[in-house]
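The residues making up each chain are set out below.
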Amino acid sequence: MKAVTSLTNPTVKAVRALHLRKERDETGLFVAEGLKNVTEGVETGHAPKILMYGREAADHPLLKAAVQATLAVRGEVIEVTPDILAKVSRRDNPQAVVGVFAQRFVDLDSLDPGRAECWVALHRVRDPGNLGTIVRTADAASCGAVILVGECCDPYSVEAVRATMGSIFAVPLAKASETEFAAWRASWPGSVVGTLLTADVDHRRAEYRKPALILMGNEQQGLPPDMAALPDVNVKIPMRGRADSLNLSVATGIMIYAATA
Ligand code: SAM
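Residues numbered from 1 in each chain as written. Predicted model: local features only at pLDDT ≥ 70, side-chain atom pairs only at ≥ 80, totals over all residues. Heavy atoms only, no water.

Draft legend 1. Structural context of the overall build of the protein chain. Secondary structure summary: the protein chain contains 10 helices and 12 strands in total. C-alpha extents for the protein chain along the principal axes are approximately 60 × 40 × 30 Å. Counting all 261 residues of the protein chain, 51% fall into the buried class. Sequence-distant contacts in the protein chain: of pairs separated by 6 or more residues, those separated by 24 or more amount to 79%. As displayed, the protein chain offers around 12500 Å² of accessible surface, 49% of which is attributable to carbon and sulfur atoms. (Helix = DSSP H or I, 4+ residues; strand = E, 2+ residues; numbered from the N terminus. Buried < 20%, exposed > 50% of the residue type's maximum accessible area, 1.4 Å probe, protein only. Contact = heavy atoms within 4.5 Å. Areas by Shrake-Rupley, 256 points an atom, 1.4 Å probe, with all protein chains shown as cover.)

Written out as structure tokens, the structure reads:
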């Protein structure tokens, strides 16, 4: 296996550049850190294009499996220094393994609503931590996909991928403009349930006819009127204290589990 010690090595530079959205968009690649996340990728059929590891991880059986998977697709495997791992992950205590994988987005029209009981659409989600947490929750509840509507943050940013804890490889992701989503939603076979702080309907009383599609709003603005007009019903999760709203990822978790109860 090749050993690399220089920060100016072209592969190291290319992996570091994947912190930039422009670079991720242009290359279609993303970084997953840690042996657990890399193994999630390998076990779900996503072989790394590049695999970097520190010497301390070299003998781990899961690393050996990841190396095999990488080499099988003619990917690059390199042993690197702790300094390089720290620079690549921008952390003082970096993970000992870093994988570079191909992004995957599925077409809205290729989604089969019958495949899952609950589906999640997010309008203009902005916070990568929220998005990653929602992908993780969608995986935990076996949702069919997370659909990103309008201009959203990047699910493949390092921050979002970290927050998914490996679920980035398990949950199909789709992107749609507002217009595309409205047209697609028109033929949705189950309930479409939106979330609005001004709604009169308690989220526990709504009908979640399967497959249920839940629609969540942006962290600052919530759902604008044109989006709030799309669901069969808009619901509110009761707010009993002084807080006027829930964090988006918490509200999405509550909605996913209400829809799958
Ligand atoms: N100021 C925004 C508003 O007026 O809608 C707050 C948005 S809230 C932080 C972000 C998203 O989380 C909302 O669009 C909604 O999807 C969901 N959400 C948060 N609290 C909720 C609640 N109590 N009931 C229903 N949805 C909620």
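Having put the structure on the table, let's press on.
Draft legend 2. Local environment of the sheet that holds strand β3 (residues 50-53). Strand order in the open sheet formed by five strands is β1-β4-β3-β5-β2, and the pairing between neighbours is mixed. Edge positions in the sheet fall to β1 (2-4) and β2 (29-33), since each has one partner strand and no second. Taken over all neighbouring pairs, the strand axes of this sheet differ in orientation by 25 degrees on average, direction set aside. The pairing of β1 with strand β4 (residues 76-80) spans three bridges and is parallel. Its bridge partner lying in β4, Ala3 is registered against Glu79. Helix α4 (residues 61-72) contacts β3, β4 and β5 (97-102) of the sheet and is inclined by roughly 150 degrees relative to β3. (Pairing = 2+ DSSP bridges. Axes fitted to C-alpha atoms, helices over the stretch in contact; angles between N-to-C directions.)

Draft legend 3. Here's a closer look at the packing of aromatic side chains. All told, the structure shown has eight aromatic pairs when counted by the stated rule. Judged by centre distance (5.9 Å) and plane angle (40 degrees), the ring pair of Phe181 and Trp184 falls under tilted. One end of the pair, Phe181, and the other, Trp184, are both in helix α8 (residues 178-185), three residues apart, so they sit about a helical turn from each other. Overall, Phe181 belongs to the buried group, its relative accessible area being 0%. Judged by relative accessible area, which is 11%, Trp184 ranks as buried. Of the aromatic side chains, those joined through ring pairs into one cluster are Phe30, Phe101, Phe105, Tyr156 and Phe169. (Phe/Tyr/Trp six-rings, centres within 6.5 Å; stacked < 30°, edge-to-face > 60°.)

Draft legend 4. Layout of the site of the ligand. Among the 17 residues in the neighbourhood of the ligand, the closest are listed as Thr195, Gly217, Gln220, Ile237 and Leu246. Between Thr195 and the ligand, the recorded distance is 2.6 Å, taken from a side-chain N or O atom to an oxygen atom. Ile237 places a polar main-chain atom, nitrogen or oxygen, 2.9 Å from a nitrogen atom of the ligand. Bound to the protein, the ligand loses 84% of the 560 Å² it would expose on its own. Secondary-structure elements contributing two or more residues to the shell around the ligand are β12 (233-236) and α10 (248-259). Across the shell around the ligand, the residue classes break down as eight nonpolar, seven polar and two charged. (Near = heavy atom within 4 Å. Polar contact = N/O pair within 3.5 Å; in protein donor to acceptor, adjacent residues only side chain to side chain. Nonpolar A, V, L, I, M, F, W, Y, C, P; charged D, E, K, R; others polar.)

Draft legend 5. Molecular detail of the nonpolar core. Counting residues in hydrophobic clusters, the biggest one holds 47 residues, and the most contacted among them are Val97, Leu122 and Val146. When residues of this core are assigned to domains, at least three map to each of domain 1 (2-102) and domain 2 (108-259). Residues in contact with Val146, not counting those within four places in the same chain, are Val120, Leu122, Leu131, Val135, Ala138, Val171, Pro172, Leu173 and Ala174. One finds Leu111, Phe181, Trp188 and Met227 within the second-largest nonpolar core, a separate group that totals 20 residues. (Core = buried A, V, L, I, M, F, W, Y, C linked by side-chain atoms within 4.5 Å. Domains from an automatic or database assignment.)

Draft legend 6. Just helix α6 (residues 128-140), in detail. Taking 1.5 Å of rise per residue, the 13 residues of α6 would be expected to cover 18 Å, and the 18 Å separating its terminal C-alpha atoms lies within 8% of that figure. For α6, the full list of buried residues reads Asn130, Leu131, Gly132, Ile134, Val135, Thr137 and Ala138. Buried residues along α6 sit in contact with β6 (118-123), β7 (146-149), α7 (158-164), β8 (173-176) and α10. Residue Asp127 occupies the N-cap position of α6, its side-chain oxygen lying 2.8 Å from the main-chain nitrogen of Gly129. Just downstream of α6 lies Ser142, where phi reads positive at about 60 degrees. (Expected span 1.5 Å × (residues − 1).)

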